[in-house]
Amino acid sequence: MITHHPAAELLLDFTAGAMSEGVALAVASHVAMCGSCRGDVALIEAVGGALLESVEGEAVAASLLDQTLAMLDTPDASVAPSPRLEPGSAEPVPEPLLRYIGRGLSHLAWRRVAGMATVEEARLPMVAKNIKVALMRLKAGSLVPKHSHRGNEFTLVLAGGFSDGVEKYGPGDFAARDTSHTHKPVVDDDADCLCLVVLDAPLRLSGAVGTIVNPFLRI
Amino acid sequence: MAGGGTYDGRTFLLQGLEMELQATVSGASCGIGPLTAVRALAWVRTQRDRFVTNEELCGLVEAIATRRDRDAFACLFKHFAPRLKGFGMRRGTDAASSEELAQETMLTVWRKAGTFDPLRATVSTWIFTIVRNKRIDLFRRQGHPDADLSEANETAYEGRAADDELSVSETGAMLRQALTGLPKDQVAVLQKAFFEDKSHSVIADELGLPLGTVKSRIRLALARLRNALPEDCQ
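Residues numbered from 1 in each chain as written. Chains lettered and ligands numbered in written order. Predicted model: local features only at pLDDT ≥ 70, side-chain atom pairs only at ≥ 80, totals over all residues.

Thoughts on the overall build of chain A
Reasoning step 1: The number of helices and strands found in chain A is six helices and twelve strands.
Reasoning step 2: Counting every position in chain A, which comprises 219 residues, the buried fraction comes to 40%. (Helix = DSSP H or I, 4+ residues; strand = E, 2+ residues; numbered from the N terminus. Buried ≥ 20, exposed ≤ 12 C-beta atoms within 10 Å, placed from the backbone.)

A short note on the environment of Lys215 of chain B
Reasoning step 1: In this fold, Lys215 of chain B is placed in helix H11 (residues 211-228).
Reasoning step 2: Sequence separation of Lys215 of chain B and Ala204 of chain B is eleven residues, and the distance between their C-alpha atoms is 8.8 Å.
Reasoning step 3: If we skip the residues at most four places from it in the chain, Lys215 of chain B touches Ala7 and Glu9 of chain A together with His200 of chain B. (Contact = placed C-beta atoms within 7 Å.)

Here's the deal with the sheet that holds strand S6 (residues 162-163) of chain A
Reasoning step 1: Across the sheet, three strands lie side by side as S7-S6-S10 (chain A); this open sheet has antiparallel pairing. What marks the edges here is a single partner per strand, and that holds for strand S7 (168-169) and strand S10 (186-187) of chain A. (Pairing = 2+ DSSP bridges.)

Some thoughts on the sheet that holds strand S3 (residues 132-138) of chain A
All names here are of chain A.
Reasoning step 1: In space, the six strands of this open sheet follow the order S1-S2-S3-S11-S5-S8, with antiparallel pairing throughout. Each edge of the open sheet carries a strand with a single partner, namely strand S1 (111-112) and strand S8 (174-177).
Reasoning step 2: Alignment of strand S2 (residues 119-123) against S3, held across five bridges, turns out to be antiparallel. Along S3, the bridge assignment pairs Arg123 with Ala134.

Details of the interface of chain A and chain B
The parts lose accessible area when they come together, and the size of an interface is often stated as this lost area.
Reasoning step 1: Taken residue by residue, the interface counts 50 residues in chain A and 63 residues in chain B.
Reasoning step 2: Within the residue set of the side of chain A that touches chain B, elements represented by two or more residues are helix H1 (8-16), helix H2 (21-33), helix H3 (35-54), helix H4 (64-71) and helix H5 (95-98) of chain A.
Reasoning step 3: Looking at the side of chain A that touches chain B element by element, the count peaks at 16 residues for H3 of chain A.
Reasoning step 4: Among the residues forming the side of chain A that touches chain B, the class breakdown is 32 nonpolar, eight polar and ten charged. (Nonpolar A, V, L, I, M, F, W, Y, C, P; charged D, E, K, R; others polar.)

Concerning the packing of H3 of chain A against helix H8 (residues 168-180) of chain B
Reasoning step 1: Packing of H3 of chain A against H8 of chain B leaves a shortest axis separation of 10 Å and a crossing angle of 75°. Compared by their axis directions, H3 of chain A and H8 of chain B come out roughly perpendicular. Each of Ala46, Val47, Gly49 and Ala50 of chain A in H3 of chain A lies in contact with H8 of chain B, whose residues at this interface are Gly172, Leu175, Arg176 and Leu179 of chain B. (Axes fitted to C-alpha atoms, helices over the stretch in contact; angles between N-to-C directions. Parallel < 35°, antiparallel > 145°, perpendicular 65-115°, else oblique.)

Description of unusual backbone geometry
Residues and elements named next belong to chain B.
Reasoning step 1: Its identity as a non-glycine residue notwithstanding, Arg68 has a phi of 45°, on the positive side.
Reasoning step 2: Along the chain, the position of Arg68 falls in the loop between helix H3 (54-67) and helix H4 (70-90).
Reasoning step 3: Taking the number of C-beta atoms within 10 Å as the measure of exposure, Arg68 has 13 and is therefore partly exposed.
Reasoning step 4: Of note in this structure, Asp197 is not a glycine but carries a positive phi near 30°.
Reasoning step 5: Topologically, Asp197 is positioned in the loop between helix H9 (184-195) and helix H10 (200-207).

Some details on H8 of chain B
Residues three or four positions apart in an α-helix share a direction because the helix packs 3.6 residues into each turn.
Reasoning step 1: For H8 of chain B, spanning 13 residues, the distance from its first C-alpha to its last is 19 Å, which sits close to the expected 18 Å at 1.5 Å a residue.
Reasoning step 2: Along H8 of chain B, the residues that are buried comprise Val168, Ser169, Glu170, Thr171, Gly172, Ala173, Leu175, Arg176 and Leu179 of chain B.
Reasoning step 3: Where H8 of chain B is buried, its residues touch H3 of chain A together with H3 and H11 of chain B. (Expected span 1.5 Å × (residues − 1).)

Some details on the nonpolar core
Reasoning step 1: Grouped together as the largest cluster of nonpolar side chains are 96 residues, with contacts concentrated most on Ala26, Val27 and Val47 of chain A together with Leu76 and Ile127 of chain B.
Reasoning step 2: Here the element with the most residues in this core is H3 of chain A; it accounts for ten residues.
Reasoning step 3: Residues in contact with Val27 of chain A, not counting those within four places in the same chain, are Pro6, Leu10, Phe14 and Met19 of chain A. (Core = buried A, V, L, I, M, F, W, Y, C linked by C-beta atoms within 7 Å.)

Quick notes on the environment of Ala221 of chain B
Reasoning step 1: Tracing the sequence through the fold places Ala221 of chain B in helix H11.
Reasoning step 2: The spatial distance from the C-alpha of Ala221 of chain B to the C-alpha of Lys78 of chain B is 32 Å, given a sequence separation of 143 residues.

A word on H3 of chain B
Residue and element names in this part refer to chain B.
Reasoning step 1: Compared with the 20 Å implied by 1.5 Å per residue over 14 residues, the 19 Å span of H3 between its first and last C-alpha is a close match.
Reasoning step 2: Here H3 has its buried residues at Asn54, Leu57, Cys58, Leu60, Val61 and Ile64. Within H3, the buried residues cover an arc of 160° as seen down the axis, which keeps them to one side. Relative to its buried face, H3 has exposed residues pointing more than 90 degrees away, namely Thr66 and Arg67.
Reasoning step 3: For H3, the secondary structure elements touched by its buried residues are H4, helix H5 (95-112), helix H6 (123-140) and H8.
Reasoning step 4: At the exit of H3 stands Arg68, carrying a positive phi of roughly 45°. (Arc of directions from axis to C-beta.)

Focus on the confidence of the model for chain B
All names here are of chain B.
Reasoning step 1: Mean pLDDT over chain B stands at 82; residues scoring 70 or higher make up 76%.
Reasoning step 2: This stretch, residues 1-7, has a pLDDT under 50; its non-local contacts, to residues over four places away or in other chains, come to 20 contacts.
Reasoning step 3: Segment residues 151-163 is flagged for pLDDT under 50; beyond a separation of four residues in sequence, or across chains, it makes 14 contacts in the model. (pLDDT = per-residue confidence, 0-100.)

Section: the pairing of strand S11 (residues 193-199) of chain A
Residues and elements named next belong to chain A.
Reasoning step 1: Taken across its seven residues, S11 has five buried, putting it largely inside the fold.
Reasoning step 2: Of the pairings in the sheet, the one linking strand S5 (residues 153-159) to S11 comprises six bridges and is antiparallel in character. If you follow Thr155 over to S11, its bridge partner there is Val197.

The structure is reproduced here in structure tokens:
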């Protein structure tokens, strides 16, 4: 059962279209897994619809309708790239993530995270360069060194689970951490964990072991 | 399905007035002079456009989806293009780019009309999601992962008898009503988010408010709107 959700202000940023692509990917993926947040997003979209209906109209050029009518039958050049999954493969990721993983999880450029034999990551392509978006695979029982953040870290659990000492996170759970948090996640013993992690600024290391894993935590 | 007019009394009144005036103009009745009637009719029709019902808009989208009806498209365009341009300009975008935004959005309405589900959202809500995505495409040039809400709709409609079902139009009208009842400071935050596509942290900066204050305004506003709708719609 999903117990950790994006806060209302994140759902609003997401639905209003005021969110960077990477964070929006984490929120959209959570929403795809979570019925209650789908309800909230539907409500917020309806607010957008009501506000659009209430906008003071601005007269458009008289010729705009005819121009638009003349363009109706031209093909759409701006079609979004569709997922390129290998036929028959079923990936354990929600729909919004599919178009970011190319031919499938096994085809991503996984690399072992320095200093840790049990943690691998594969970065996902983003237009913006000041954000890090990656899938992480963590072996059952592995520990991630204690760290805090200069910016925000968003984590969505896709499979398995972890605990940060206070709370437990399972599939579909969404965690948002800002600069005030220092945490040291421990992956559950019974299964490997697959997460989507979004970092919008570099990390700050807070444990001695940090120096060893610095390259991993670098954006 | 009950009409949006159940809640939008203005539409109902204007429809009646329009019929009366039409009769006067055609010479079927009298009371006011024909020229006055013509002018009044024109005014009533402008007002009618402001309060056009969701059912009417759904009919236009359906005509586009099933018959590629260009007249229906022209009607929809006349209703939405000025609003879409206004929507772009509220963000501070210049008039020419805002017209481009309106045009691109209406072209997508034509192409995607077949995907519109009147049981899931009002036409305005559907078009809002299109213009939001176009705005990101045109002005921010980044991807926009979308959440597929189709299942949310199935959940929302589960286990409800057809005859006491509130239509999307009715809940839409109730939501509009609820929005007018929100405190001004909460509405201001929602408007900045939707019209100016500003994140809550940017809004806090601009209004000179602590982040926590903006967050709580958003939470309170959404809770009030949710409570204003019947429980089975939540």
